[in-house]
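# Fold and geometry: a report
Next come the chains, spelled out residue by residue.
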Amino acid sequence: MRQTYIKEIAKHVGEEVTIKGWLYNIRSSGKLMFPQIRDGSGIIQGVVFKKAVSEETWKNFELLTQESSIVVKGKPREDSRAPGGYELDITELEIVQIAQDYPITPKEHGIEFLMDHRHLWLRSRRQQAILRIRAEIISAVRTFLDDSGFVLCDSPIFTPAACEGTTTLFECDYFGDEKAYLTQSGQLYNEATAMAFGRVYCFGPTFRAEKSKTRRHLTEFWMVEPEMAYADLEDVMNLAEEFLSYIVARVLDKRQEDLKVLERDISKLEAIKTPFPRLQYDDAVKMLKEGGLEFEYGNDFGSPDETYISQKYDRPVMVHRYPAKVKAFYMESDQENPDLSLSVDVLAPEGYGEIIGGGQRMFSLEKLRERIAEHNLDEASVDWYLDLRKYGGVPHAGFGMGIERCVTWICGIEHVRETIPFPRMLYRLKP
Ligand code: 4AD
Ligand code: MG
């Protein structure tokens, strides 16, 4: 018989269905058993009535352990008291495999234990809710950009040079005589494709050999990066606010159930509407000082500073015009104050901090060459990038959003490590 997915169960009330899944949990009370079955699309509570099934089926149910794989037949019935609104009156059971002692039980486990068992932990309700929201966010990202005229142009993962500073590069041997680095950002390539297609985006894994053990840092994360020709800092901020409000609205529309599993305060997400507040770096510094935080003008913000600023607003705040010296080599400088860059960081509310970084790109070939020298970058490895300033250069701008940071905020959870199926961090490469 064809498999019915639990998610679709409402359409099959009163019909005989086959559910293929795993045993989540089972309770028994003499003549009745209540197995909870999950199939990836959802969870349903089954009811096995001793008198309604064969002796063999009843005995087989008694053998089941947590996470045993099973195929059951039965009829779904509406029941307002049941967790998903439906219950399944089970008549038949086929055991696919009896699971050995499952290491993750309903009791509390430490985070290191759970991370070591990440391959199994993914089966739990909370992890599934987070990763479904991740999938929804990625789908929203793509739909928004595809429908707004951006062409997907993938950037390479093996690169010959740094994009975001040489201290966080993962180096690999490239056939002996050459070194390759895992990409930190597709931006430089985006700038080339933007000159071909006008508006582009890349979306893929990026890497930072970041020796920081914070709740915001991964060594491998996914970044979506839109880039626009004939655009400035203002255009980037306009795009960022439209983009984020679209994503949040989509999650609110499609993933209510998952948000509920996470006990997310929905009202906080409902407030995410354009326009977003815009704040100059200088004013953000004043705000920190007024709040009594120790901060030296000219430095980059640390996590506590970002947290402080972002807690002041009920929607993401766009901090712009950071000092050029704390930003990457490619940032355009502000005509009114060349020490400042035409950059922007978008800080998520509720203390989540930076989720987007971007800005306007340096137009002048000469100034760009100076910056490359100042940052001790090897000009020969980016000669192709300099070509973009020689052959029809135009003002252009873009940004990058780390998917995991965005998922962490929208889910309202503590740490990025739960927002990607298999996180890579300073002390974690397995499983
Ligand atoms: O601010 P970043 O370093 O900017 C860039 O890479 C630009 N080239 C992007 C562009 O303009 N096309 O990184 C962008 C975003 C950050 O705002 C953050 O969301 C995420 O990438 N990110 C990280 N996420 C998880 N772990 C890390 N170690 C991250 N580093 C950056
Ligand atoms: Mg940044």
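### Description of the overall build of the chain
A count of helical and extended segments in the chain gives 13 helices and 18 strands. Taking the principal axes of its C-alpha atoms as reference, the chain extends roughly 85 × 55 × 40 Å. Looking at the chain alone, contacts between residues at least 24 apart form 66% of all its contacts between residues at least 6 apart. Looking at the chain as shown, the accessible area adds up to about 21000 Å², and 49% of this sits on carbon and sulfur atoms. Counting 55 positive and 69 negative side-chain charges, the chain places the averaged centre of each group 7 Å from the other.

### Quick word on the sheet that holds strand E9 (residues 178-182)
Overall, antiparallel pairing links the three strands, which are arranged E7-E9-E8 in an open sheet. A strand with exactly one partner marks an edge of an open sheet, and here the two such strands are strand E7 (158-159) and strand E8 (171-174). Of the strand pairs in this sheet, E8 and E9 are connected by four bridges, and their pairing is antiparallel. Bridging from a neighbouring strand, Cys172 pairs with Ala180 of E9.

### Re the environment of Thr408
Looking at the element boundaries, Thr408 is found in helix H13 (residues 403-411). Sequence spacing of Thr408 and Ile130 is 278 residues, and the spatial spacing of their C-alpha atoms is 8.5 Å.

### Here we look at helix H11 (residues 365-374)
Along H11, the positions that sit buried rather than exposed are Leu365, Leu368, Arg371 and Ile372. For H11, the angular spread of buried residues about the axis comes to 120 degrees, placing them on one side. Across from the buried face of H11, at angles greater than 90 degrees, the exposed residues are Glu366, Ala373 and Glu374. Packing partners of the buried residues in H11 comprise strand E14 (333-334) and helix H12 (383-387). The opening residue of H11, the one whose side-chain oxygen lies 3.3 Å from the backbone nitrogen of Glu366, is Ser364. Downstream of H11 by a residue or two, Asn376 has a phi angle that is positive, lying close to 55 degrees.

### What about the domain arrangement of the chain?
Along its sequence, the chain is organised into domain 1 (6-97) and domain 2 (118-419). Spacing between the C-alpha centres of domain 1 and domain 2 amounts to 46 Å. Taken together, the contact between domain 1 and domain 2 spans eight residues of the former and five residues of the latter. At the surface where domain 1 touches domain 2, the tally comes to one salt bridge. As a salt-bridge pair, Glu67 and Arg123 come within 2.9 Å of each other at their nearest N and O atoms. At the boundary of domain 1 and domain 2, one finds two residue pairs in polar contact (both at pLDDT 80 or more). When its residues are assigned to classes, the side of domain 1 that touches domain 2 shows three nonpolar, three polar and two charged.

### What about the nonpolar core?
The biggest cluster of nonpolar side chains holds 50 residues, and the ones touching the most others in it are Ile137, Phe243, Met401, Trp409 and Ile410. Of all the elements, helix H6 (residues 233-254) adds the most residues to this core, at eleven residues. Look past the residues within four positions of Ile137 in its chain and what remains in contact with it is Ile247, Val251, Ile403, Cys406, Val407 and Ile410.

### Describing the site of ligand 1
Looking at ligand 1, there are 23 residues lining it, with Glu164, Gln187, Glu225, Glu354 and Ile355 nearest. Between ligand 1 and Glu164, the relevant distance is 2.7 Å, taken from a nitrogen atom to a side-chain nitrogen or oxygen of the residue. The contact in question runs from an oxygen atom of ligand 1 to an N or O atom on the side chain of Glu354, over 2.6 Å. The fraction of the free accessible surface of ligand 1 (640 Å²) that becomes covered by protein chains is 94%. Among the detected pockets, ligand 1 sits in the largest pocket. When contributions to the shell around ligand 1 are tallied by element, the ones reaching two or more residues are strand E11 (220-229), strand E17 (353-360) and strand E18 (396-402). In terms of residue count, the dominant contributor to the shell around ligand 1 is E17 (five residues).

The rules behind the values
Throughout this description, residue numbers start from 1 for each chain and increase along the sequence as written. Starting at A for chains and at 1 for ligands, labels are handed out in the order in which the entities are written. It should be noted that, the model being predicted, local features are given only for residues of pLDDT at least 70 and side-chain atom pairs only at 80 or more, the latter also being counted only at that level, while totals for whole chains, interfaces and linings use all residues. In computing side-chain values, all of the structure's heavy atoms are included and hydrogens and water are not. Helix and strand assignments come from DSSP, with helices taken as H or I runs of at least 4 residues and strands as E runs of at least 2, each series counted from the N terminus. Contacts: residue pairs with any heavy atoms within 4.5 Å of one another. Accessibility throughout is a Shrake-Rupley quantity obtained with a 1.4 Å probe, and a residue counts as covered only by protein chains that appear here. Neither His nor the chain termini are counted; the positive set is Lys and Arg, and the negative set is Asp and Glu. In plain terms, the charge of a residue is placed at NZ if it is Lys, CZ if Arg, CG if Asp and CD if Glu. Between any two strands, pairing holds if DSSP finds at least two bridges. Only protein chains enter the accessibility calculation, which uses a 1.4 Å probe; a residue is then buried when its area is under 20% of its type maximum, exposed when over 50%, and partly exposed in between. This arc is taken over the directions from the axis of the helix to the C-beta atoms. We define a polar contact as two N or O atoms separated by no more than 3.5 Å, with the added condition that, inside protein, one atom must be a possible hydrogen donor and the other a possible acceptor, whereas residues neighbouring each other in sequence contribute only through side-chain atom pairs. Delimitation of the domains relies on an automatic or database domain assignment. By convention in these notes, a salt bridge is any Lys or Arg side-chain nitrogen within 4 Å of a carboxyl oxygen on Asp or Glu. In the scheme used here, Gly and all other residues not listed as nonpolar or charged are polar, with Ala, Val, Leu, Ile, Met, Phe, Trp, Tyr, Cys and Pro taken as nonpolar and Asp, Glu, Lys and Arg as charged. Take the buried Ala, Val, Leu, Ile, Met, Phe, Trp, Tyr and Cys residues and link them wherever side-chain atoms come within 4.5 Å; each set so joined is a nonpolar core. When we say a residue is near a molecule or strand, we mean one of its heavy atoms is within 4 Å of it. Here a cavity denotes a set of grid points, spaced 1 Å apart and computed over the protein atoms alone, in which a 1.4 Å probe fits but from which it cannot get out, and a pocket denotes an open set meeting protein on both sides within 12 Å along at least five of seven lines; residues with an atom within 4 Å of a point are reported as lining. Placement in a cavity or pocket follows one criterion, namely that more than half of the molecule's atoms lie within 2 Å of its grid points.

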